[in-house]
Amino acid sequence: MLAHSNPPLAMPRTLINACLLFAVMIIVWSPFSGGARLPTLLLAMVGGGLLLVKFSALREQRAVRRWTMVFLLLWLPMWLSLLHAFDVKATCVAIAWFSLMYLAGLALVLLLQQTLARQLLARWLGWVIALWMLDSAIQYLCGVDILGMPKTPEGRITGMFSDLHQGILMLAVLPLIFYHWQPKYGWLAWAMLLGAGVVVVLSGARGYLYIYMLMLLLGLWRRQPGWKVWLAVLAIPLLVAMLSSLLNPQLAKTKLQATQAMTMSEQTTFDRFNHALTYRLNLWETGLRMWQAEPLTGIGSNNYKRAYAQYASRADDRFVANRTHSHNIYVEWLAETGLIGGLGLVAIVVLCVRWFRQADMLSQHQAWPYALPLMVIYFPINTTQPMLVPWWFPVLLLLVCALIASLERSQDDRAT
């Protein structure tokens, strides 16, 4: 029998409320100046204070030890990547910034061991996403949202954002909102699921529809329902795609033409897939060349963009002049931290799966809304943002800390 962990460390009610506010602000403040940086910094200050005041007690917390293991498996490869860093200063900046994530994670793990805190987090984020959906509807109907943010020239719906980040942020927190609402407000939960899907697809990012479909498939796999439920739920992506096509036929036509480019006979197979994937094959090929140059420790954290021009091999590569990220977690992490970093990331996945399977059924049920988006985001065949970017990693931090914390039984749960 597995030994129970120590009871969650007691935190003052005022501090709990402050940390909960900061956790919600990671999402709420994403469209605005600084994004998730400020709330993450505030959480790091809380975590640093707790580490100084209650270091001995924190060491006894199994959830804290697990978070420490996850952090070190990412942090240590970043240090080792300094050995052959393309730009040493850039890697040092990344290491310093990422060090704060450990402290922020401490605060989140302690906070989210409380069942009530997780429930309030889901409730507040539900209102945030509902507001984003309403704002996107206004932008679609009026051309600008409530803050005056216009649609893109090709008609993409971005809400309060000046980029396409709204879609991936909505998808990251959608499962915890759905599973929180579904028991009491079933119809509202399904309406949120459908509406969020439409808004996400109207952003024009085909990868978001793929993530949305994968999330539905894994959710069904977890519940193992009858065939009628399978058909009903799998009809949702078709309904989303149909509604999105009707709402923005020009954008749908553009995306369809890009997909049809794969059948053009005058192009090589590489060029056909590259064009259909918005030239992502260039990004992945260059990332693999970086890894081949420094296979063990990589070219240094925070250096993919900086080193791109040196490792690009195709004369027509548009990203030499317009640098961007790799659109794949594993490609960029492997390029920057090498085989050591890649093995560390795989070890984290293995550990999380092991911890989930070792937990009792109630703890697994509590953790599933956080495990599901992480499974989808880290699914190898995916085109997502890389991990270590200031607007995105705090969201991943929130999910993984909630996963670790929810696998622990709170005092209320044990009493029940």
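Refer to the structure printed above.
Residues numbered from 1 in each chain as written. Predicted model: local features only at pLDDT ≥ 70, side-chain atom pairs only at ≥ 80, totals over all residues. Heavy atoms only, no water.

Caption draft 1: Seen up close, the pattern of salt bridges. All chains considered together, the criterion is met by four salt bridges. A salt bridge links Arg62 to Glu408; the shortest N-O distance between them is 3.1 Å. Of this pair, Arg62 sits in helix 4 (residues 62-80) while Glu408 sits in the loop between helix 17 (393-406) and helix 18 (411-415), and the two are 346 residues apart along the sequence. For Glu408, a relative accessible area of 1% gives the class buried. Residue Arg306 pairs with Asp87 through a salt bridge whose shortest N-O separation is 3.9 Å. In this pair, Arg306 sits in helix 14 (residues 304-311) while Asp87 sits in the loop between helix 4 and helix 5 (88-112), placing the two residues 219 residues apart along the sequence. Residue classification places Asp87 among the partly exposed residues on the basis of a relative accessible area of 28%. Put simply, Arg62, Arg66 and Glu408 are held in one network by salt bridges that share partners. (Salt bridge = Lys/Arg side-chain N within 4 Å of Asp/Glu carboxyl O. Helix = DSSP H or I, 4+ residues; strand = E, 2+ residues; numbered from the N terminus. Buried < 20%, exposed > 50% of the residue type's maximum accessible area, 1.4 Å probe, protein only.)

Caption draft 2: Main features of the packing of helix 13 (residues 280-293) against helix 15 (residues 329-358). Between helix 13 and helix 15, whose axes approach to 8 Å, the crossing angle comes to 10 degrees. In terms of their interaxial angle, helix 13 and helix 15 are classed as roughly parallel. Contacts between helix 13 and helix 15 involve Leu283, Trp284, Gly287, Met290 and Trp291 from the former and Val331, Leu334, Ala335, Gly338 and Leu339 from the latter. For the contact of helix 13 with helix 15, the class distribution of residues is eight nonpolar, two polar and no charged. (Axes fitted to C-alpha atoms, helices over the stretch in contact; angles between N-to-C directions. Parallel < 35°, antiparallel > 145°, perpendicular 65-115°, else oblique. Contact = heavy atoms within 4.5 Å. Nonpolar A, V, L, I, M, F, W, Y, C, P; charged D, E, K, R; others polar.)

Caption draft 3: Molecular detail of the packing of helix 8 (residues 186-202) against helix 9 (residues 206-223). In the contact formed by helix 8 and helix 9, the axes pass within 9 Å of each other and the chain directions differ by 155 degrees. Judged on the interaxial angle alone, helix 9 and helix 8 are roughly antiparallel. Crossing of helix 8 over helix 9 shows left-handed handedness. From helix 8, Leu193, Leu194, Gly197, Val200 and Val201 reach across to helix 9, where they touch Tyr208, Leu209, Tyr212 and Leu216. Considering only residue class, the contact of helix 8 with helix 9 consists of eight nonpolar, one polar and no charged. (Left-handed = near helix turned anticlockwise from the far one by under 90°.)

Caption draft 4: The arrangement of the packing of aromatic side chains in detail. Across all of its chains, the model carries 16 aromatic pairs by this definition. Ring geometry for Trp97 against Phe98: centres 6.3 Å apart, planes inclined by 50 degrees, an arrangement best described as tilted. Given the relative accessible area of 0%, Phe98 is considered buried. Relative to Trp368, the ring of Phe356 has its centre 6.4 Å away and its plane inclined at 55 degrees; by these criteria the two rings are tilted. In this pair, Phe356 sits in helix 15 while Trp368 sits in helix 16 (residues 361-377), placing the two residues twelve residues apart along the sequence. Like Trp368, Phe356 is buried. Connected via pairs of aromatic rings, a cluster forms that spans Trp67, Phe71, Trp75, Trp79, Trp97, Phe98, Tyr102 and Phe393. (Phe/Tyr/Trp six-rings, centres within 6.5 Å; stacked < 30°, edge-to-face > 60°.)

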